[in-house]
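The chain contents come next:
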Amino acid sequence: MKRKLTFVIMLCAAMATYAQEIKMPSWISDVKLSGYGIVQYQASTQENAKSNSFNLRLGRISLDGRIAKDFYWKAQIQFNGNTSTLGTSPRLVDLFAEWQKYKFFMVKAGQFKRPFTFENPMHPIDQGFMSYSQNVNALAGFSDRAGAHASNGRDIGVQIQGDVLKNANGRELLHYQMGVFNGQGINTGDVDQQKDLIGGLWVMPVKGMRIGAFGWIGSYSRKGDWIESRPLDIVEHKGEVHRLQQRRYAFSAEYKVNDWTFRSEYIHSTGKAFSKTGVTKDNDANVNDAIGDKADGVYALAIAPVVKKKLYAKTRYDMYRPTGDWDRAKTQYEVGLNYLFHKNFQINAEYALVNNRALDKHNYSVFDVELAFRF
């Protein structure tokens, strides 16, 4: 028994010594594993659609690191959901590398967040509420109005960005970002060979403040069967590409000071939408004429410290018009609290009074509680 124990100790010592003598490449030794999860309870009193359920809102694991100092890379997978559809199945959400040698000019390539709005690139936990705002969800590539599969605000492409114009204290006053993307969402190749051009520019006049504008020119397309209505006849298309042009812009403002957060964004969209969402089995490429080609929305929020770095009160006005007019407008008036047990563990509670003009009974309530953690 003693001989066996001695042998094991000597073997472990030898392995430890050998490991110390091996010099691993920096791009391997610098790799970091991280992730987060959000567990949700939500109840709704909507007429004929009442709900009361525990949900797994998000579960993600990511690897990131550096190569040769100047290159940053990241790969992230979302695990919650099922494999029945492209939109909800476990899927790759991020896979990119970025050259970061110069802060005023960085180049990113792969699959990552579209450079559109302030809220889109925010971490879901840091964003502060039970979900991203309605206009960001519908017009920045989450559950996109155009009919694309759920893409978490991301696409595949190439982007340049940087901070320029330093003041006397060395703080940059201007940020720019511009990208070229497929326009089809995550894990999907281009369909119509027309790329999306998306960009933003914002100024930072005082510390913690950003005032910006964004633009988006491109298309969302499908190859399938569709019917085209012309002034004198109706044309049936079989297995052809149907391209829907998309034109969007946004104005954004944010101010973070003394643990307070204020943010507001307006988004406007021009462009038609497909009648069915995501990849359809019946090859449907018809247009949803009922919602037209206009949409817009605005939100304004405030998050205030009750106990600094521990307890926060929050409120948000969140309005979205899927047809660009008030007939089907949906407005949410939200209040809530966020409590941080630890910087990596918190609980959020929220109440929303919803006014949805598309319903016979416009008003109903939503209660939401979320437990969020990260590592």
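Below is a short write-up of the structure.

**Examining unusual backbone geometry**
Located in the positive-phi region is Asn48, a residue other than glycine, with phi close to 65 degrees. Position of Asn48 among the secondary structure elements: in the loop between β1 (32-44) and β2 (51-67). The residue Lys69 is not glycine, and still its phi comes out positive at about 70 degrees. Note on placement: Lys69 falls in the loop between β2 and β3 (71-78).

**Section: the nonpolar core**
Residues Phe116, Val136, Leu139, Phe214 and Ile267 are the most contacted members of the largest nonpolar core, which totals 27 residues. If you list the elements that add at least two residues to this core, you get α3 (134-139), β8 (196-203), β9 (209-229), β12 (294-307) and β13 (311-321). Broken down by element, this core gets its largest block of residues, four residues, from β12. If sequence neighbours within four positions are ignored, Leu139 has contacts with Phe116, Asp144, Arg145, Trp216, Arg248, Ile267, Ser269, Ala295, Asp296 and Tyr320. Residues Ala148, Leu244, Ala285 and Val287 belong to the second largest nonpolar core, which totals eight residues.

**Comments concerning empty space enclosed by the protein**
Enumeration over the complete set of coordinates arrives at two cavities of 30 Å³ or more. Around the largest cavity, the lining is made up of 17 residues, and of these Arg114, Asp144, Ala148, Gly183 and Trp216 lie nearest the centre. For the lining of the largest cavity, the secondary structure elements donating two or more residues are β9 and β10 (234-257). If one sorts the elements of the lining of the largest cavity by residue count, β9 sits on top with three residues. For the lining of the largest cavity, the class distribution of residues is five nonpolar, eight polar and four charged. Of the volumes computed, that of the second largest cavity is approximately 40 Å³. Considering the residues around the second largest cavity, the lining is formed by Ile38, Arg57, Pro124, Ile125, Gly128, Phe129, Asn348, Glu370 and Ala372. Looking at the lining of the second largest cavity residue by residue, the classes come out as five nonpolar, two polar and two charged.

The rules we used
Residues numbered from 1 in each chain as written. Predicted model: local features only at pLDDT ≥ 70, side-chain atom pairs only at ≥ 80, totals over all residues. Heavy atoms only, no water. Helix = DSSP H or I, 4+ residues; strand = E, 2+ residues; numbered from the N terminus. Core = buried A, V, L, I, M, F, W, Y, C linked by side-chain atoms within 4.5 Å. Buried < 20%, exposed > 50% of the residue type's maximum accessible area, 1.4 Å probe, protein only. Contact = heavy atoms within 4.5 Å. 1 Å grid on protein atoms, 1.4 Å probe; cavity = no way out; pocket = protein on both sides within 12 Å on 5 of 7 lines; lining within 4 Å. Points joined across faces, edges and corners; volume = space filled by probe spheres on them. Nonpolar A, V, L, I, M, F, W, Y, C, P; charged D, E, K, R; others polar.

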